[in-house]
Protein chains: 2
Amino acid sequence: MGHGGGGTLSAELVEQVFAPAFGGAALAERGDAATLRLGGVRLAFSTDSFVVRPLFFPGGSIGDLAVNGTVNDLAMSGARAAYLSCGFILEEGVEIETVSRVAEALGAAARTAGVEVATGDTKVVESGHGDGLFVNTSGIGLIPAGVDLRPARVVPGDVVIVSGPVGAHGVAVMSVREGLEFGVEIVSDCAALGGLVAAMLAVTPDLHVLRDPTRGGLAASLNEIATGSGTGVVITEREVPVPPAVASACAVLGLDPFYVANEGKLVAFVPREHADAVLEAMRAHPLGAQAAIIGEAVAEHPGMVVARTGLGGTRVVDMPLGEQLPRIC
Amino acid sequence: MGHGGGGTLSAELVEQVFAPAFGGAALAERGDAATLRLGGVRLAFSTDSFVVRPLFFPGGSIGDLAVNGTVNDLAMSGARAAYLSCGFILEEGVEIETVSRVAEALGAAARTAGVEVATGDTKVVESGHGDGLFVNTSGIGLIPAGVDLRPARVVPGDVVIVSGPVGAHGVAVMSVREGLEFGVEIVSDCAALGGLVAAMLAVTPDLHVLRDPTRGGLAASLNEIATGSGTGVVITEREVPVPPAVASACAVLGLDPFYVANEGKLVAFVPREHADAVLEAMRAHPLGAQAAIIGEAVAEHPGMVVARTGLGGTRVVDMPLGEQLPRIC
């Protein structure tokens, strides 16, 4: 299960099995989306399969995830998603009504995100050989001129901004799956970030890198950026917004909210001179209202993420091995 | 199971569940690939999930299918595939060696087809909730100027050409799955058709429609074209090439080779004045060496496919309800 968790084991699978077999320059970039040239146009292209369990959870469904997950991967390269593909693998015996509900959620999420479902496919496997319904979406979008978002562009001094409180999606799915209650209902943050990214790029196309901290959470995204940029990253723990209910739930469950998946958040590394203006633009957008500066890129400890704790000490924020919560997306 | 078979039940699922939920102009075209405009460029975009069982069969594997299936869908819109995405859903416990073999086959098939695997994703589900390994690929490619392939362009008098003998893929998978032997080994025709299509378009960009007869076989493709064009289609049974071993196997198994899936064949509707030159170009290509004219589009019985039998009679070639052979791709 760990190999599907978005952490070190997933990375090993990519490095040792897939990358050698596939080769290719675009794959070598290891972004959330590939950056391509086709017919003189610069495109982002990304794919995700969704196996979340249960199919419906507080704040969303596999249909919402299938749109927002891929739209957000494209957004992290600066692209506004234009078209999605949608491939269903149904297990024999799944209710048509369930398929309809998922399709309707997916269609509604696509309209909200301003992306068109352009092509699709359906396969059916025998009962006992699937799990109700899996969905894959792939997406394409145009990358605006002058935008070049990748870890290698990060330099010491860059400011690290998170678009809002972290950890809600993973805890929301976990709570409904396990029948847990935490006094207040914790709702997934599942949302499409294309509009927020466009608002940020309107301040300056010169953002350095964006990531949406899904599987492996904020910790995995920061570690990927630290590794890919060769800079160190320092964050201040108490500056990272965590909803109180999520913090309580994590305490009860023994989870670290920095490692819990989000589906409607992003982390940005921004040149220091633009940081205030970008933060302001984010806070003016509904999906960035609680955006916060949480740290910076530094020349020290290249490739490593360190958190300043409340007590004035520091701790290393490791790359997770796998995902704490399986089948979260 | 029938809803995944590429026949009437699949079409119902699309018409009644997916299309109303998703809307969208590109999806409304119902081609093998969507035809899109993005940044002033005309693109084809397609997706397919692959659930074939077993993963390896005479002549190919799920890795070959995953490349060729999507490359061929793009080729049917005239596009040369440029980039593929690749999403794996692994079942906990699948051998890493199996995943590696599939990845290597997929990478090799991509190199043969001249397409780059640009982006990927891996999810893992618990043992008993998947079936070893499923793969989704999506692909994008440029559509050459002047090329406009769709059923609506078919007119009475168009010549129907098939690129070679039909039925091998389905029978090859079936034979290994069921442990059947037919004297000679029947090998899947799995192949990438981008080069063959380019050779045909070099004769004239004015081909009317192309389809690759996968699930539902030649019968499903011809019916889709008849329905989409509003013309009738007449084929001469004995002109449709069927390998003798496939014909024997179908006789034993009670299958009709017109309904068996292919993975490296296409059917073309070509203006009569170009038919001989296109046929010649196809025969000059290794994947079209046995291309044959099998019939024509007619003004009579619009939307219906009719076969002239060997005895001078005719029979209706119906749209299949589902697929005779489940999980063939």
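This one's a predicted model, so the numbers in the text were calculated from it and none came from an experiment.

This part covers the interface of chain A and chain B. Residue-level contacts link 71 residues of chain A with 71 residues of chain B. Summed over both sides, the interface between chain A and chain B buries roughly 5,900 Å², with carbon and sulfur atoms accounting for 68% of that surface. Along the contact surface separating chain A from chain B lie 8 salt bridges. Taking the shortest distance from any N to any O, the salt bridge between E126(A) and R327(B) comes out at 2.6 Å. Counting only elements with at least two residues in the side of chain A that touches chain B, the list comes to α1 (8-22), α2 (25-28), β1 (34-38), β2 (41-50), β5 (80-91), α4 (96-113), β6 (116-125) and β7 (133-142) of chain A. It is β6(A) that provides the largest number of residues to the side of chain A that touches chain B, a total of 10 residues. By residue class, the composition of the side of chain A that touches chain B is 35 nonpolar, 22 polar and 14 charged.

This part is about unusual backbone geometry. P54(A) follows R53(A) through a cis peptide bond whose omega is -5°. The backbone of R327(A) shows a phi angle near 55°, a positive value even though the residue is not glycine. Within the fold, R327(A) resides in the segment after β14 (314-316). For R327(A), a relative accessible area of 6% puts it in the buried group. Here the phi dihedral of R30(B) falls at roughly 60°; this positive angle occurs in a residue that is not glycine. Positionally, R30(B) belongs in the loop between α2 (25-28) and β1 (34-38).

With that settled, the discussion passes to the packing of aromatic side chains. How two aromatic rings sit relative to each other is set out by the distance from centre to centre and by the angle between their planes. The tally for this structure, following the rule as stated, stands at 5 aromatic pairs over all chains. With centroids separated by 4.6 Å and ring planes inclined at 20°, the aromatic side chains of F18(A) and F88(B) adopt a geometry described as stacked. Of this pair, F18(A) sits in helix α1 while F88(B) sits in strand β5 (residues 80-91), which puts the two residues in different chains. F18(A) sits in the buried class, given a relative accessible area of 5%. A relative accessible area of 1% means that F88(B) is categorised as buried. Ring plane angle 20° and centroid distance 5.8 Å describe the contact between F18(B) and F22(B), whose orientation is recorded as stacked. Of this pair, F18(B) and F22(B) both sit in helix α1 (residues 8-22), 4 residues apart, roughly one helical turn. Judged by its relative accessible area of 10%, F22(B) falls in the buried class. Among the aromatic residues, those joined into a ring-pair cluster are F18(A), F22(A) and F88(B).

Okay, the sheet that holds strand β13 (residues 305-308) of chain A next. Across a sheet, paired strands are connected by hydrogen bonds in the backbone, their directions being either parallel or antiparallel. All names here are of chain A. Taken in spatial order, the 7 strands of this open sheet run β9-β11-β8-β12-β10-β13-β14, and their pairing is mixed. Single-partner strands in this sheet number two, and they are β9 (209-211) and β14. Strand-to-strand twist across the sheet, computed as the mean angle between neighbouring axes with direction ignored, equals 25°. Of the strand pairs in this sheet, strand β8 (residues 159-162) and strand β11 (residues 267-270) are connected by 4 bridges, and their pairing is antiparallel. In the strand pairing of β11, V159 is matched with V270. Strand contacts of helix α7 (residues 217-229): β8, β9, β10 (232-236), β11, β12 (292-298) and β13, with the helix running at about 30° to β11, the strand carrying the most contacts.

The next thing to look at is the environment of T122(A). Along the polypeptide, T122(A) turns up in strand β6. For T122(A), a relative accessible area of 10% gives the class buried. Counting along the chain gives 33 residues from T122(A) to I89(A), while the straight-line C-alpha distance between them is 5.9 Å. For T122(A), the contacting residues outside a window of four places in its chain are F88(A), L90(A), G4(B), L13(B), F18(B) and R215(B).

A few words now on the side chain of S175(B). Residues and elements named next belong to chain B. Topologically, S175 is positioned in helix α5 (residues 168-178). A polar contact is formed between the side chain of S175 and the backbone oxygen of A172, at a distance of 2.9 Å. Not counting residues within four places of it along the chain, the set of residues in contact with S175 comprises L180 and F182.

Let us now look at the pairing of strand β2 (residues 41-50) of chain B. Residues and elements named next belong to chain B. Of all the 10 residues making up β2, 9 are buried; the element is thus mostly covered by neighbouring parts of the structure. Taken together, the 5 bridges between β1 and β2 define a ladder with antiparallel strand orientation. Along β2, the bridge assignment pairs R37 with R42. As paired elements, β2 and strand β7 (residues 133-142) share 8 bridges and run antiparallel to each other. Its bridge partner lying in β7, A44 is registered against G141.

As a further point, take the pattern of salt bridges. All names here are of chain B. Enumeration according to the criterion identifies 32 salt bridges over all chains in this entry. Linking D148 and R150 is a salt bridge whose minimum nitrogen-to-oxygen distance equals 2.8 Å. By relative accessible area, D148 is classed as partly exposed at 27%. E296 is the salt-bridge partner of R308, the closest N and O atoms lying 4.0 Å from each other. One end of the pair, R308, is in strand β13 (residues 305-308); the other, E296, is in strand β12 (residues 292-298), with 12 residues separating them in the sequence. On the basis of relative accessible area, R308 is assigned to the partly exposed category, the value being 36%.

Structural alignment of chain A on chain B gives an RMSD of 0.0 Å, achieved by rotating through 180° and translating 0.0 Å along the axis. Both copies are brought into coincidence by an operation consistent with a two-fold rotation axis. In terms of proximity to the rotation axis, the leading residue of chain A is G130(A), whose C-alpha is 2.1 Å off the axis. The overlap is high: 100% of the interface residues of chain A also sit at the interface in chain B, so the same surface is used on both sides.

All names here are of chain A. As assigned here, chain A comprises domain 1 (31-142) and domain 2 (151-316). Taking only C-alpha atoms into account, the centre of domain 1 sits 23 Å from that of domain 2. With both sides pooled, the region where domain 1 packs onto domain 2 buries about 1,800 Å², and carbon together with sulfur makes up 62% of that total. It is P58, N72 and M76 that lose the most area in domain 1 upon contact with domain 2, and together they represent 32% of the buried surface on that side. Remark: the boundary between domain 1 and domain 2 carries 0 salt bridges.

Definitions and cut-offs
Residues numbered from 1 in each chain as written. Chains lettered and ligands numbered in written order. Predicted model: local features only at pLDDT ≥ 70, side-chain atom pairs only at ≥ 80, totals over all residues. Heavy atoms only, no water. Contact = heavy atoms within 4.5 Å. Buried area = accessible area lost by both parts, 1.4 Å probe. Salt bridge = Lys/Arg side-chain N within 4 Å of Asp/Glu carboxyl O. Helix = DSSP H or I, 4+ residues; strand = E, 2+ residues; numbered from the N terminus. Nonpolar A, V, L, I, M, F, W, Y, C, P; charged D, E, K, R; others polar. Buried < 20%, exposed > 50% of the residue type's maximum accessible area, 1.4 Å probe, protein only. Phe/Tyr/Trp six-rings, centres within 6.5 Å; stacked < 30°, edge-to-face > 60°. Pairing = 2+ DSSP bridges. Axes fitted to C-alpha atoms, helices over the stretch in contact; angles between N-to-C directions. Polar contact = N/O pair within 3.5 Å; in protein donor to acceptor, adjacent residues only side chain to side chain. Least-squares fit on C-alpha atoms with pLDDT ≥ 70 in both. Domains from an automatic or database assignment.

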